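Structural description and commentary
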Amino acid sequence: RNAMAGDRIPGAYLFSGPEGVGKYTTALAFVAALNCPDTAGGACGTCRSCRMILSEKHPDLFIPDRSGSRLPKNPPAAGGKERVASGYISEIVPKLTYKPIMGRWKVILIDNAHQLTETAANYLLKIMEEPPSQTLFLLVTPAEHLLLPTVVSRCQRIRFSPLLEEQVVRILVDREVDAAVAARAAALSDGSVGKAHSLIAQGRVDGLAGWMDLVRGLGRMSPADRLRNVAALLSSTGGKGGDRAGLEQFIAATRAWLEVRLRDLAAANGPDRVEQEKLLSIFSTLRDIGASARGNANPKLLADHLAGRLAENSGAPATGAG
């Protein structure tokens, strides 16, 4: 709003941050605000321009097609995937030199911009260095470090952070998710609405919540109880493949618990440095176990190893954290 009010829109923005925290949604809302004829400094959301932008059908909004998992400069050779409306980067760039057809701004919106091939990125860079008037480049990515440094240097960078748990709940409820389900999903979402939606769609919320309850209580369990609980939960997933699914849930729940505990520690006055170091050590263990799980290691042994590490390093009964 400040940039629009002062007519200081840069030639390019880079929206970066974790998956599912609103980068692409914000990008579309920004494009709508730039072109909305009915509202100064914002988007009404109901006019023809806003509706077309939010449905990605506006003639001045260009969203490059991808080929597989990459964003190439040129279309695939004959026999490749079916062409869709937006076109490929080599076809879009020449159109940017013309005046807007319907709105005030022409915008090329590149989601997952880290998937640009080097050829495509360098081609874009040439026009980003001297962009045509009333043209905006919007790059969205969860992996800024994979972009060419020269492309990043041409952008005004906006960093998106994970949302607060209560924000995730509010957004889910606004999208007609049951409040109780929203609260459980938000607790496991790492601040990502996208992840919360995915957990709900996959029917994994209750299963992960069970794992998280176990994780919270590991520090108070005897070794025998810990083994019995981990084994029972792994077995309930059924079969060898299910064991791996259970381990994946265990790791996801552990990460969610760690995120909450570390955030609580950071907010406290005089945080417990020893506990912080223990929790960060568990993060390292999670990384190692995740790598082993992708191989042929026995998932039950891996889960028990993680359970033991949690019991050894995360016990903090006075805080109620488990």
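This one's a predicted model, so the numbers in the text were calculated from it and none came from an experiment.

**As for the confidence of the model for the protein chain**
Scored by pLDDT, the protein chain comes out at a mean of 79, with 72% of its residues at no less than 70. Below a pLDDT of 50 lies the segment residues 237-242, which in the model reaches five contacts outside its immediate sequence neighbourhood of four places, other chains included. A low-confidence stretch, residues 314-322 stays under pLDDT 50, and its non-local contacts, those more than four residues away or across chains, total 17 contacts.

**Examining the packing of aromatic side chains**
Using the criterion set out here, one finds three aromatic pairs in the structure. On the numbers, 5.2 Å between centres and 50 degrees between planes, the contact of Phe15 with Phe160 is tilted. Here the residue Phe15 occupies a position in strand S1 (residues 12-16), and Phe160 occupies one in the loop between strand S5 (156-159) and helix H7 (165-174), the gap between them amounting to 145 residues. If you follow Lys73 out to its NZ or CZ, it ends over the ring of Tyr123, 4.4 Å from the centre.

**Focus on the layout of surface pockets**
Estimates place the volume of the second largest pocket at around 330 Å³. The wall of the second largest pocket is formed by 18 residues, among which Gly20, Val21, Gly22, Lys23 and Thr25 lie closest to the centre. When contributions to the lining of the second largest pocket are tallied by element, the ones reaching two or more residues are helix H2 (23-35), H7 and helix H9 (193-201). Residue classes in the lining of the second largest pocket are distributed as seven nonpolar, six polar and five charged.

**Points about the sheet that holds S1**
Each strand in a sheet pairs with another by means of backbone hydrogen bonds, the pair being arranged parallel or else antiparallel. Strand order in the open sheet formed by five strands is S2-S3-S4-S1-S5, with parallel pairing between adjacent strands. The sheet is open, and its two borders are formed by strand S2 (61-62) and S5, each paired with just one other strand. Sitting on the sheet, helix H5 (residues 118-129) touches S1, strand S3 (106-110) and strand S4 (135-141), and the angle it makes with S4 is about 140 degrees.

The rules behind each value
- Residues numbered from 1 in each chain as written.
- Predicted model: local features only at pLDDT ≥ 70, side-chain atom pairs only at ≥ 80, totals over all residues.
- Heavy atoms only, no water.
- pLDDT = per-residue confidence, 0-100.
- Contact = heavy atoms within 4.5 Å.
- Phe/Tyr/Trp six-rings, centres within 6.5 Å; stacked < 30°, edge-to-face > 60°.
- Helix = DSSP H or I, 4+ residues; strand = E, 2+ residues; numbered from the N terminus.
- Lys NZ or Arg CZ within 6 Å of the ring centre and 35° of its normal.
- 1 Å grid on protein atoms, 1.4 Å probe; cavity = no way out; pocket = protein on both sides within 12 Å on 5 of 7 lines; lining within 4 Å.
- Points joined across faces, edges and corners; volume = space filled by probe spheres on them.
- Nonpolar A, V, L, I, M, F, W, Y, C, P; charged D, E, K, R; others polar.
- Pairing = 2+ DSSP bridges.
- Axes fitted to C-alpha atoms, helices over the stretch in contact; angles between N-to-C directions.

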